[in-house]
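Remarks on the overall topology
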Amino acid sequence: MALLGRKQEQTDIQQLVESKKSEFLVLYGRRRVGKTFLIKEYFNQDFSFYISGLKKATKREQLGNFNAALSFYGKMPYPPLKSWMDAFRQLIHLLEHSGKRGKKVVFIDELPWFDTARSGFLTAVDFFWNTWASGRSDILLIACGSATSWIIDKLLNDKGGLYNRVTRRMHISPFSLGECEDFFTHKKIPLDRKSIIDAYMIFGGIPYYLEMFEKGLSVSQNIDNLLYKEDAPLKNEFAFLYASLFKNYTNHLKIVDALSTKTKGLTREEIIDLTKISNGGGLTDMLNELEQCDFIRRYQSFGKKEQHSLYQLIDFYSLFYFNFLKTNTFDDSHFWTNAIDNARRRAWSGYAFEQVCLAHLPQIKQKLGIFGVSTKTASWRSNDKENAAQIDLLIERNDRVINLCEMKYAEDEFIIDKQYDEVLRKKRGAFREETKTRKTIHITMITTNGVRHNQYWGNIQSEVVMDDLFFHSTK
C-alpha cells in the first residue's frame, strides 16, 4: 500500500527531520488507522533503531525482544538485558557508534505495551531523552501506540520527568472521503462516490479495512466477504478491537453497548443507569479513554451547560456491529447484498450518513463559504415533548448566522414536499422561540444527490451535496 494522503503529517515529519535539534514525536490515534504504516513508509523503514512492544508479554520477554533489535541494528551481539535502564544505555551505545549522518530515527512502536507493572520502563525513557538525546541535535525519537489514553496520560500530560518534553504530537485521524477516493483510485478499484460513502458508513476511513477490498466486486459484495462469509476476516473484529486497547475492557463494552441503543447519545446519568457502573467506578476515565480513541464523542446541545453533555457512539464499525452483526441470526453469506431493500438497512443508512457528515465539518464549512469564519457546532432538542423538534447539527457562526442542517441519505434527489416543508418551518420556528436567538437562521440541506428544485426548494437557504464532502480539507 503506497503512502497516500497524510499530506500535513508528512510535512510535519519532514520539518522534524530538518530541525537543528533533537525532536520527540508522539503519534496516537485509533487502532488500525495507519500510524505505524505512515512512519514505516515515510522513512522507507530506514531506521537507526526500531522496536515494537509485544502484547501481554512479560518484562523479560520485552527485554529479550529489545536485545534482539539492538543486535540487529548494531550488527553485533549485545549482552542480555537485566533492566530497562540497561536497555536504553545500550541503545545510547548503539546510536553513538552509528555511522549514519543526519537525523538518527529511533521508532518505538506500541510503546504502552512495554510499560508492564513496576517495570521501570518510563523511568528509562526519561533517562534516555533527558540525560542524553535532548542535549544532541541528531536524534528523532518517535513513540507510537494505539492505547491513546495511555499515550495522553503517560507522555503528553505527564507531570514527572517527561513533562513538556514531547516536542511534537500528532493525532492520526481516519481518512476523509476524498482520501478514500484517492486510495481506491490508486488500488484501481473504480467506485463512484455514492459507493465510497456506502463503504465509509460501515468502515469509516480506516485504511486497514479498506485495504481488504477486492477488485471487480461491488461494495456490497466486499462487505459480504469481509463480514458475512464463513471465514470473513472482520467477523470477530469488534471484540479484538476493544480488548487490544483497554486492559479491563468489559466496562468499556458496556458503555458502547448502552450508547448503541440511543443514536442521539446519552447523558452521564443515563449511562450509569443502563450500565450499572457507579459514578465513582472509573466511569470518567473510561469515557475519556473511549473519546480519546475516537470511539465516542462528547457534545453539547445548543444553550446547554457542560454538565448536560451527551455522549454518542461514532465509530462506524462499532455502529454497524450493533445493528447488523451482534444479533445476526441469518446464515447468509450474501446478507448485505440481499438486504438492499431492507427497511432496517434504510433506517440505519440515514443515521450513518449523518455521522459521515459530522466527520466532514470542514468540507461542509468550505461549501457554505465559511471556512475561515469562527463557528461552534451543536445539536438541539425542543423542550416541548409534544412538538418533538430536533436538530442534529447546527452551525453557529461568528457572523451572526446559524445554519440548521438537515442531513438526508437518498438514492436519488431528495424531494421536499408540502409535509416536509411544514416540518422545516416548525423546526425553525420552535428553535427561534425556545432559544430566543436574534441571529439569522438558515436552513441547510445536506444530501447525497441534492434537492429537487420544486416549489418548496426556494424555502431553504443553502445546499451541500455528496460531491462537496469529497473536498480535500487541510483540517
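These remarks concern the structure in this document. Everything quoted here is computed from the prediction, not taken from an experiment. (Residues numbered from 1 in each chain as written. Predicted model: local features only at pLDDT ≥ 70, side-chain atom pairs only at ≥ 80, totals over all residues. Heavy atoms only, no water.)

Topic: the pattern of salt bridges
What the rule picks out here adds up to 23 salt bridges. Put simply, aspartate 12 and arginine 168 hold a salt bridge, and the shortest N to O gap is 3.7 Å. Here aspartate 12, found in helix 1 (residues 7–18), pairs with arginine 168, found in strand 5 (residues 168–171); they are 156 residues apart in sequence, far enough to count as distant. Residue aspartate 12 is classed as buried on the basis of its relative accessible area of 17%. Here glutamate 110 and arginine 31 are joined by a salt bridge, their closest N and O atoms 3.2 Å apart. Residue glutamate 110 is found in the loop between strand 3 (104–109) and helix 5 (121–131), and its partner arginine 31 is found in the loop between strand 1 (23–28) and helix 2 (35–42); the two are separated by 79 residues along the sequence. (Salt bridge = Lys/Arg side-chain N within 4 Å of Asp/Glu carboxyl O. Helix = DSSP H or I, 4+ residues; strand = E, 2+ residues; numbered from the N terminus. Buried < 20%, exposed > 50% of the residue type's maximum accessible area, 1.4 Å probe, protein only.)

Structural notes on the nonpolar core
Nonpolar side chains in soluble globular proteins generally cluster together in the buried interior. Phe203, Leu227 and Ile364 are the most contacted members of the largest nonpolar core, which totals 95 residues. With 8 residues, the single largest contributor to this core is helix 15 (residues 316–325). Those residues in contact with leucine 227 that sit more than four places away from it in its chain are Ile202, Phe203, Ala232, Leu234, Lys235, Tyr317, Phe320 and Leu325. Counting 42 residues, the second largest nonpolar core, distinct from the first, contains Leu70, Tyr78, Phe121 and Trp132. (Core = buried A, V, L, I, M, F, W, Y, C linked by side-chain atoms within 4.5 Å. Contact = heavy atoms within 4.5 Å.)

Quick look at the side chain of aspartate 468
As for its position among the elements, aspartate 468 is in the segment after strand 12 (462–464). In this view, aspartate 468 contacts Gln363, Lys367 and Glu463; residues no more than four positions away in its chain are not counted.

Description of the environment of tyrosine 299
Inspection of the secondary structure assignment puts tyrosine 299 in strand 6 (residues 296–299). Sequence-wise, tyrosine 299 and serine 379 are 80 residues apart; in three dimensions their C-alpha atoms are separated by 8.0 Å. Leave out the neighbours within four places in its chain, and tyrosine 299 touches Lys264, Ser309, Leu310, Gln312 and Ser379. Of the polar contacts made by the side chain of tyrosine 299, one reaches the backbone oxygen of lysine 264; its length is 2.3 Å. (Polar contact = N/O pair within 3.5 Å; in protein donor to acceptor, adjacent residues only side chain to side chain.)

Details of helix 10 (residues 219–227)
With 7 of 9 residues buried, helix 10 lies mostly within the body of the structure. Among all positions of helix 10, only Val219, Ser220, Asn222, Ile223, Asp224, Leu226 and Leu227 are buried. Tucked into the core, helix 10 has its buried residues touching helix 8 (193–203), helix 9 (207–210), helix 15, helix 16 (335–338) and helix 17 (343–358).

A word on the environment of proline 207
Turning to its location among the elements, proline 207 is positioned in helix 9. Along the chain, proline 207 and isoleucine 152 lie 55 residues apart, while their C-alpha atoms are 23 Å from each other.

Details of the sheet that holds strand 11 (residues 440–447)
What the 5 strands build is an open sheet, ordered 8-9-10-11-12; its pairing is mixed. One side of each edge strand has no neighbouring strand; the edge strands of this open sheet are strand 8 (375–381) and strand 12. Taken over all neighbouring pairs, the strand axes of this sheet differ in orientation by 30° on average, direction set aside. Sheet topology places strand 9 (residues 390–397) next to strand 10 (residues 401–408); 4 bridges connect them, and they run antiparallel. Across the sheet, the residue bridging to glutamate 396 is isoleucine 402, located in strand 10. Most of the contacts of helix 17 go to strand 10, to which it runs at about 140°, and overall it touches strand 9, strand 10 and strand 11. (Pairing = 2+ DSSP bridges. Axes fitted to C-alpha atoms, helices over the stretch in contact; angles between N-to-C directions.)

Observations regarding the state of the cysteines
In a disulfide, the sulfur atoms of two cysteines are covalently bonded to one another. A complete count under the given rule lists 0 disulfides for this structure. In this model cysteine 180 remains outside any disulfide bridge; the closest cysteine sulfur is found in cysteine 357, 15 Å from its own. Residue cysteine 180 is classed as buried on the basis of its relative accessible area of 1%. Cysteine 293 takes part in no disulfide bond, and the closest cysteine sulfur to it belongs to cysteine 144, at a distance of 12 Å. Using a relative accessible area of 1% as the deciding quantity, one classes cysteine 293 as buried. (Disulfide = S-S within 2.5 Å.)

Some thoughts on the pairing of strand 4 (residues 139–145)
Among the 7 residues of strand 4, 7 are classified as buried, and the element is accordingly described as predominantly covered. Of the two faces of strand 4, the one holding Ile139, Leu141, Ala143 and Gly145 and the one holding Leu140, Ile142 and Cys144 are both buried throughout. In this sheet, strand 4 lies alongside strand 1 in parallel orientation, the contact comprising 6 bridges. Bridge pairing in strand 4 places tyrosine 28 opposite glycine 145. Alignment of strand 3 against strand 4, held across 5 bridges, turns out to be parallel. Residue pairing across strands places valine 106 opposite leucine 141, the latter belonging to strand 4. Crossover handedness for the path strand 3 to helix 5 to strand 4: right-handed. (Right-handed = clockwise from strand over helix to strand, strands pointing away.)

A look at helix 4 (residues 84–96)
The terminal C-alpha atoms of helix 4 lie 18 Å apart, and with 13 residues this matches the ideal 18 Å at 1.5 Å per residue to within 8%. Residues of helix 4 that are buried: Trp84, Ala87, Phe88, Gln90, Leu91, Ile92, Leu94 and Leu95. Buried-residue contacts for helix 4 involve strand 2 (49–52), helix 3 (59–74), strand 3, helix 5 and strand 4. (Expected span 1.5 Å × (residues − 1).)

A look at the packing of helix 8 against helix 17
One way to put it is that helix 8 packs onto helix 17 with a least axis distance of 9 Å and a crossing angle of 90°. As summarised for this structure, helix 8 and helix 17 are arranged roughly perpendicular, according to the angle between their axes. When helix 8 is examined against helix 17, the residues Ile197, Tyr200, Met201 and Ile202 are found in contact with a partner set consisting of Trp348, Ser349, Ala352, Phe353 and Val356. The residue makeup of the contact of helix 8 with helix 17, split by class, is 8 nonpolar, 1 polar and no charged. (Parallel < 35°, antiparallel > 145°, perpendicular 65-115°, else oblique. Nonpolar A, V, L, I, M, F, W, Y, C, P; charged D, E, K, R; others polar.)

What to know about the environment of phenylalanine 47
Residue placement: phenylalanine 47 occurs in the loop between helix 2 and strand 2. Taking the C-alpha atoms as reference points, phenylalanine 47 and valine 105, 58 residues apart in sequence, are found 5.2 Å from one another. Setting aside chain neighbours within four positions, we find phenylalanine 47 in contact with Ile39, Lys40, Tyr73, Val105 and Phe107.

What to know about unusual backbone geometry
Even without glycine at this site, glutamine 45 takes up a positive phi of about 60°. Position of glutamine 45 among the secondary structure elements: in the loop between helix 2 and strand 2. For glutamine 45, a relative accessible area of 48% puts it in the partly exposed group. Phi at glutamate 110 takes a positive value of approximately 45°, unusual for a residue other than glycine. Judged by relative accessible area, which is 10%, glutamate 110 ranks as buried.

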